[in-house]
Amino acid sequence: MPYIVKASRSSYLPAGMHVVAVKNIEEVENMADPAKTQLKIGLESTEEESTDMQAVFWTSPLLHPKGKLLPFAEAALGRQLTTEEKRDGFDVETLIGRKLCIILKDAVSKAGKPFAKVSDFMPVKQS
């Protein structure tokens, strides 16, 4: 019996500004240091012309000012985290389904493949 291969229904968003929703957040092994973990965050486009398109980024699970998690969380929540949230942490699962704006920039992987890298986050009005 022949095996039929179909194109994936989803593809990755190109460089530019996009409104997305947080699709999933999972803890994964850090590829650079297997003793550490990182978060893999999946985002899906909410723009009508970009249905079934997505973006993915990885970040440390720490709320460090120079990291990606803090600006991502604040953009998704539409507010700055409180001192207590920064100190004690918060449940990142509460971000699933939230909308935010991301900026993707063209980049090239170590293997020489082009991709769009998440470079910035901005809040959007939550509906």
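Note: the structure precedes this text.
Conventions used here
- Residues numbered from 1 in each chain as written.
- Predicted model: local features only at pLDDT ≥ 70, side-chain atom pairs only at ≥ 80, totals over all residues.
- Heavy atoms only, no water.
- Helix = DSSP H or I, 4+ residues; strand = E, 2+ residues; numbered from the N terminus.
- Buried < 20%, exposed > 50% of the residue type's maximum accessible area, 1.4 Å probe, protein only.
- Contact = heavy atoms within 4.5 Å.
- Areas by Shrake-Rupley, 256 points an atom, 1.4 Å probe, with all protein chains shown as cover.
- Pairing = 2+ DSSP bridges.
- Core = buried A, V, L, I, M, F, W, Y, C linked by side-chain atoms within 4.5 Å.

Considerations on the overall build of the protein chain
- Secondary structure assignment for the protein chain yields two helices and six strands.
- Counting only residues that meet the buried cut, the protein chain has 31% of its 127 residues in that class.
- Nonlocal contacts in the protein chain, meaning residues at least 24 apart in sequence, comprise 47% of its contacts between residues at least 6 apart.
- Roughly 8700 Å² of accessible area belongs to the protein chain as shown, and the carbon and sulfur atoms make up 54% of that amount.

Some details on the sheet that holds strand β3 (residues 37–45)
- Strand order in this open sheet of six strands is β1-β4-β3-β2-β5-β6, and the pairing throughout is mixed. The open sheet terminates on both sides in strands that have one partner only, identified here as β1 (11–12) and β6 (114–123).
- When strand β5 (residues 99–108) meets β6, the two strands line up antiparallel, connected through nine bridges. The residue of β6 that forms the bridge with lysine 105 is lysine 117.

Details of the pairing of strand β2 (residues 16–29)
- One ladder, built from six bridges, connects β2 with β5; its direction is antiparallel. Bridging from a neighbouring strand, glycine 16 pairs with leucine 104 of β5.
- In this structure, β2 lies alongside β3, joined through nine bridges in antiparallel fashion. Counted as the bridge partner of valine 22 is leucine 43 from β3.

Side note on the nonpolar core
- Counting residues in each nonpolar core, the largest one holds 25 residues, and the members touching the most others are Ile25, Ile41, Leu43, Phe72, Leu100, Ile102 and Phe121.
- Of all the elements in the fold, those that place two or more residues in this core are β2, β3, β4 (53–59), α1 (69–77), β5 and β6.
- Per-element tally for this core: the top contributor is α1, with seven residues.
- Setting aside its immediate chain neighbours within four residues, leucine 43 contacts Val20, Ala21, Val22, Lys23, Met53, Gln54, Ala55, Phe57, Phe72 and Ile102.

Brief notes about the side chain of glutamine 38
- Relative to the helices and strands, glutamine 38 resides in strand β3.
- Apart from residues lying up to four places away in sequence, glutamine 38 is in contact with Glu26, Glu27, Val28, Glu29, Asn30, Met31, Trp58, Thr59 and Pro61.

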